[in-house]
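So the chains spell out like this:
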Amino acid sequence: SLLTWCISMFSVAPHNSHEVLVKYFNPCGTGTWLITEAEREGDDWRLFGYCHIYEWEWGYLMLSELASLRLPFGLTIERDIYTARKYVRDFLPQDE
């Protein structure tokens, strides 16, 4: 819910020290999801992490939402297989 998302925005600190479980990205352009927590909900997963579409922000999303996105040329959101043992800070520019 929006309320849960807003509360989570203010309860996360320090933001760059969270371990990234998995990174998803849009291979056609803007869109990065650094997932730091995951919880099973029925047949789906509720994910929480630091995401970038227009700007970086913390938030929740469902795995099925990412899986349902259809991009140009028949592509879909991809999982980065090189995120083992990395933290949010490893994906951010040095000035953040």
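Rules and cut-offs
- Residues numbered from 1 in each chain as written.
- Predicted model: local features only at pLDDT ≥ 70, side-chain atom pairs only at ≥ 80, totals over all residues.
- Heavy atoms only, no water.
- Helix = DSSP H or I, 4+ residues; strand = E, 2+ residues; numbered from the N terminus.
- Buried < 20%, exposed > 50% of the residue type's maximum accessible area, 1.4 Å probe, protein only.
- Contact = heavy atoms within 4.5 Å.
- Areas by Shrake-Rupley, 256 points an atom, 1.4 Å probe, with all protein chains shown as cover.
- Lys, Arg positive; Asp, Glu negative; His and termini not counted.
- Salt bridge = Lys/Arg side-chain N within 4 Å of Asp/Glu carboxyl O.
- Phe/Tyr/Trp six-rings, centres within 6.5 Å; stacked < 30°, edge-to-face > 60°.

Asker: Give me the overall build of the protein chain: which residues, what numbers.
Answerer: The helix and strand inventory of the protein chain stands at 2 helices and 5 strands. Of the regular secondary structure in the protein chain, the N- to C-terminal order runs α-β-β-β-β-α-β. When burial is assessed residue by residue, the protein chain has 32% of its 96 residues classed as buried. Excluding contacts between residues fewer than 6 apart, the proportion of contacts in the protein chain whose partners are at least 24 apart in sequence is 46%. For the protein chain, the accessible surface area stands at approximately 6,500 Å², while carbon and sulfur atoms represent 53% of it.

Asker: So what's going on with the side chain of Asp 44? Residues and values would help.
Answerer: Looking at the element boundaries, Asp 44 is found in strand β3 (residues 44–52). Here Asp 44 sits buried without a salt bridge, and the closest side chain of opposite charge, Arg 40, lies 7.2 Å off (N-O distance). Those residues in contact with Asp 44 that sit more than four places away from it in its chain are Glu 39, Met 62, Leu 63 and Ser 64.

Asker: For the packing of aromatic side chains, give the residues involved together with the corresponding values.
Answerer: The final tally for this structure, using the stated rule, is 4 aromatic pairs. Ring centres of Phe 48 and Trp 58 lie 5.5 Å apart, and the angle between their planes is 15°; this geometry places the pair in the stacked category. Taken together, the residues span a long stretch of sequence, with Phe 48 in strand β3 and Trp 58 in strand β4 (residues 56–62) at a distance of 10 residues. Neither Phe 48 nor Trp 58 differs from the other in exposure class; each is buried. Pairing Tyr 50 with Trp 56 gives two aromatic rings, centres 5.0 Å apart and planes at 15°, and the pair type is stacked. Site record: aromatic cluster; members linked through ring pairs are Phe 48, Tyr 50, Trp 56, Trp 58 and Tyr 60.

Asker: If you had to explain unusual backbone geometry to someone new, which residues and values would you point to?
Answerer: Of note in this structure, Phe 73 is not a glycine but carries a positive phi near 65°. In this fold, Phe 73 is placed in the loop between α2 (63–68) and β5 (78–80). A relative accessible area of 80% means that Phe 73 is categorised as exposed.

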